[in-house]
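# Coordinate analysis (summary)
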Amino acid sequence: MIIIEGVRQVQKLDENFEIRKDKYDFRTNIKPVYQVGQGLTRAVVEEISRVKKEPEWMKNIRLRALEIFNSKPLPTWGPDLSELNFDEITYYIKPEERKSTSWDEVPKEIKETFDKLGVPEMERKYLAGTVAQFESEGVYSKIKKQWEEKGVIFMDMDSALQRYPDIIREHFGRVVPASDNKFAALNTAVWSGGSFLYIPRGVHVDLPVQAYFRMNGELEGQFERTLIIAEEGASVHYIEGCTAPTYSRYALHAAVVEVYAKKNSKVRYTSIQNWSDNVINLPTKRAWVEENARMEWVQGSLGSKITMTYPSSILRGEYASTSNLNVALAMGEVWKDNGAKVVHAAPNTSSKVVAKSISGRGGMSVYRGLLRINQGAYNSKSSVQCDALIVDDVSKSNTYPHNEILEDTAAFSHEASVGKISEEQINYLMSRGIREEDARSLIVLGFLDDVLKEIPLEYSIEFNKLIRLEMSKMGAVG
Amino acid sequence: MESQLSNVLNIENLSVDVGERNILKSLNLTIKSGEIHALMGPNGAGKSTLAQAIIGNPKYKITSGRILVNGKDITDLQLYERAREGLFLAFQEPVAVQGLKYINFLRTAYMSLHPNEKLEYKKFIEQVQELLGLFRLDKSFVERSLNDGLSGGEKKRMEALQMLLFKPKFVILDEIDSGLDVDALKIVAEAVKKAKENGTGILIITHYKRILDYVSPDFIHVLVDGTIVESGKAEIAKKIEEFGYDYYRRGEASAKVG
């Protein structure tokens with residue numbers, strides 16, 4: 001039994017409560033209305049663009065990106081990606097013809113899937129808008145009326161391309177060009193789905209909006225493309241959730257997220273991925289942060305087999321600021337390569353990076369970061385803190401911070417720590433009647449306390465449960 | 001209340017090894033509800049070893065003898081099970097757990113120790129805050145991390161606070177008096193008396209007579225080289241003060257007692 005009570009939450013997890021990771025581990029029986037053949041060729045890319053009835057310019061962007069993808073080698077500086085065979089992946093699976101704005105219109109099996117995941121319930125309870133994506137396409141999107149009336153747009157990216165081609169053309173691929181890395185190129189070539197979020201000048205969306213991404217098969221790829229534009233003085237909190245069932249073979253998730261945080265705007269991007277153990281997760285996420293704007297990245301990395309993600313903020317205007325909060329669980333045969341990139345490209349900009357990781361049961365957790373303060377970014381400030389907790393003797397953690405401070409007036413600090421759960425701590429807690437696995441959970445949750453409170457309640461409860469589940473799998477001390 | 005409780009803790013012929021070293025040798029001790037026992041002895045005599053062995057720290061290996069709570073043999077039980085049998089140790093140096101808020105820790109522990117008690121969160125907080133007041137600690141302690149960034153004296157008071165909160169049958173206070181100023185010592189001594197009134201059996205481990213002046217123990221035991229060499233009343237503390245522990249080492253005590 002563990003009691004977690006804070007200012008925001010009062011929650012009792014009953015001792016008999018059975019924690020089910022398999023809550024997400026179910027397969028939806030549905031025949032896609034369309035899918036391309038396996039493998040990645042020019043014909044497949046053209047096919048995707050044709051089926052989507054895209055403008056010619058988008059098809060050309062895709063084809064150029066395919067060339068870039070083919071010209072770049074697999075990165076070898078991180079986890080082993082050699083399992084990926086690009087010829088056996090299916091790049092586009094269309095589950096359904098319609099795109100609905102009412103759950104009643106969503107096909108029964110898909111609606112049931114999102115019901116099980118709690119998506120409509122979260123929407124009712126506390127969201128201003130929802131996009132739900134199944135396989136390659138958004139199947140549902142809705143923004144509540146009061147925000148729609150203020151000009152807020154929240155829909156799947158394919159629909160946005162049809163309805164707002166000029167806005168998309170102006171913003172697509174600028175923050176994250178296809179040439180950025182191999183998987184950004186891949187995404188640009190075969191992208192499908194994702195969300196488009198537009199907040200007009202001065203509009204504050206005071207409830208979060210959420211996009212939920214569900215993958216359903218193995219040897220398939222999900223390549224959603226998300227574009228967020230916060231106009232001057234606007235603010236929004238975007239949440240993304242991701243799950244998939246477990247298979248013996250891998251599935252590939254390679255998203256691209258581009259964020260425009262314009263002057264005086266504020267964007268928070270919370271990502272909670274709980275992919276199954278066979279998902280290889282390689283998203284590229286970046287924000288341009290203009291004068292006096294603020295970009296906040298919150299990354300909760302619970303699942304996946306391999307994750308490589310380094311959300312980036314380019315601080316382009318004076319007094320722009322960013323925070324990047326990263327919490328990763330690396331339990332079992334997994335490699336979490338998480339980090340942050342910040343470029344201070346204007347004076348008086350500030351950034352704060354906090355990364356925490358837990359590794360256990362052989363898991364590998366890496367912090368990899370780039371922090372650059374350009375010459376001329378006078379009086380900029382930055383702090384980077386990474387803490388790792390290793391809960392047994394067979395797991396690992398590494399830190400690769402790369403700091404380039406080119407401006408003399410800048411202030412920069414970097415702290416890193418690696419800790420272990422001590423026997424002394426376990427014994428103390430057990431001497432108060434607490435079982436060993438609960439003692440471990442308390443220690444881990446304590447370690448994460450300051451970051452968990454930044455995560456939306458529903459997801460921090462998931463974190464809690466998952467940590468308890470993981471700790472119950474651990475062997476006894478000594 | 002005293003009369004209602006009649007718990008007995010029996011330590012019978014207890015021998016304990018730490019690593020390869022034998023520390024305790026056939027030690028016997030009986031503590032009953034509402035009694036205060038003091039265990040005195042020089043450094044390295046095995047006082048803390050006894051405390052850790054009683055609560056079941058796996059580093060302290062019981063090689064022979066047994067521990068009984070109300071006749072039930074708990075020698076083979078794990079730490080948390082012994083705690084649930086009503087044993088509590090106020091640690092000499094309680095370990096810190098960063099980020100684990102006292103309130104979460106205290107309530108998790110309380111509900112583990114008293115699973116059948118229905119206790120509302122709000123009432124529990126009130127109870128903890130009342131105790132914080134008693135120990136002259138700020139209410140904000142509920143939100144602080146367990147033993148993290150506390151002064152030595154604050155840690156000791158939080159240990160004593162748990163003794164009252166958890167209502168154990170038996171309490172061992174391992175050098176609760178070290179590092180406490182006179183005011184804090186008085187507060188802790190009051191808490192010990194309160195525990196006694198509630199029927200808790202108490203073992204105070206100490207080097208110094210000072211705390212005993214405040215709590216007036218019913219029995220004093222002298223531990224030297226892993227065995228209790230003398231047991232008696234208040235006069236023993238005076239003897240130690242006068243002659244030191246060397247008195248026992250030289251074997252004069254047994255000569256005189258004999």
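Residues numbered from 1 in each chain as written. Chains lettered and ligands numbered in written order. Predicted model: local features only at pLDDT ≥ 70, side-chain atom pairs only at ≥ 80, totals over all residues.

If you tally the helices and strands in chain A, you get 11 helices and 27 strands. Seen through its principal axes, chain A has C-alpha atoms that stretch 70 × 60 × 45 Å. Counting every position in chain A, which comprises 478 residues, the buried fraction comes to 56%. A sequence separation of at least 24 residues applies to 82% of the contacts in chain A between residues at least 6 apart. (Helix = DSSP H or I, 4+ residues; strand = E, 2+ residues; numbered from the N terminus. Buried ≥ 20, exposed ≤ 12 C-beta atoms within 10 Å, placed from the backbone. Contact = placed C-beta atoms within 7 Å.)

All names here are of chain A. For the pair helix α9 (residues 423-430) and helix α10 (residues 436-452), interaxial distance at closest approach is 9 Å and the crossing angle is 115°. Note on packing geometry: the crossing formed by α9 with α10 is right-handed. In contact with Gln 425, Ile 426, Leu 429 and Met 430 of α9, α10 contributes Glu 436, Ala 439, Arg 440, Leu 442 and Ile 443. For the contact of α9 with α10, the residue count by class is six nonpolar, one polar and two charged. (Axes fitted to C-alpha atoms, helices over the stretch in contact; angles between N-to-C directions. Left-handed = near helix turned anticlockwise from the far one by under 90°. Nonpolar A, V, L, I, M, F, W, Y, C, P; charged D, E, K, R; others polar.)

Here the focus is the domain arrangement of chain A. All names here are of chain A. The domain architecture assigned to chain A consists of domain 1 (1-30 + 425-478) and domain 2 (32-309). The straight-line distance from the C-alpha centre of domain 1 to that of domain 2 is 30 Å. Between domain 1 and domain 2, the contact holds 15 residues from the first and 21 residues from the second. In terms of residue class, the side of domain 1 that touches domain 2 is built from eight nonpolar, two polar and five charged. (Domains from an automatic or database assignment.)

Moving on: the environment of A:Ser301. All names here are of chain A. Its location among the elements puts Ser 301 in strand β18 (residues 294-301). Owing to 24 C-beta atoms within 10 Å, Ser 301 belongs among the buried residues under this scheme. Residues Ser 301 and Ala 328 lie 27 residues apart in sequence; the distance between their C-alpha atoms is 4.6 Å. Among residues more than four places away in sequence, those in contact with Ser 301 are Gln 273, Thr 307, Val 327, Ala 328, Leu 329, Lys 336 and Asn 338.

Our next topic: the pairing of strand β6 (residues 137-143) of chain A. Residue and element names in this part refer to chain A. Of all seven residues making up β6, seven are buried, and the element is well covered by its neighbours. For strand β5 (residues 129-134) and β6, the ladder comprises six bridges, and the chain directions are antiparallel. When the sheet's bridge partners are listed, Val 131 is paired in β6 with Ser 141. As consecutive antiparallel partners, β5 and β6 are separated by two residues, and within that stretch Glu 135 has a phi angle of approximately 55°, a positive value. (Pairing = 2+ DSSP bridges.)

A few words on α10(A). All names here are of chain A. With 17 residues, α10 extends 22 Å from end C-alpha to end C-alpha; this agrees with the ideal 24 Å at 1.5 Å per step. Along α10, the sharpest change in direction is near 40° and occurs at Gly 446. In terms of residue burial, α10 counts as a mostly covered element, since 14 of its 17 residues are buried. (Expected span 1.5 Å × (residues − 1). Bend = angle between axes of the 7 residues up to and from the residue.)

Residues and elements named next belong to chain A. Strand order across the open sheet formed by 10 strands is β6-β5-β9-β12-β15-β18-β21-β23-β25-β27, with mixed pairing between neighbours. The open sheet has two free edges, formed respectively by β6 and β27 (411-420), since each of these has just one partner strand. The average angle at which neighbouring strand axes cross in this sheet is 10°, direction not considered. In this sheet, β27 lies alongside strand β25 (residues 381-390) in parallel orientation, the contact comprising 10 bridges. From the neighbouring strand, Lys 381 faces β27, where its bridge partner is Ala 411.

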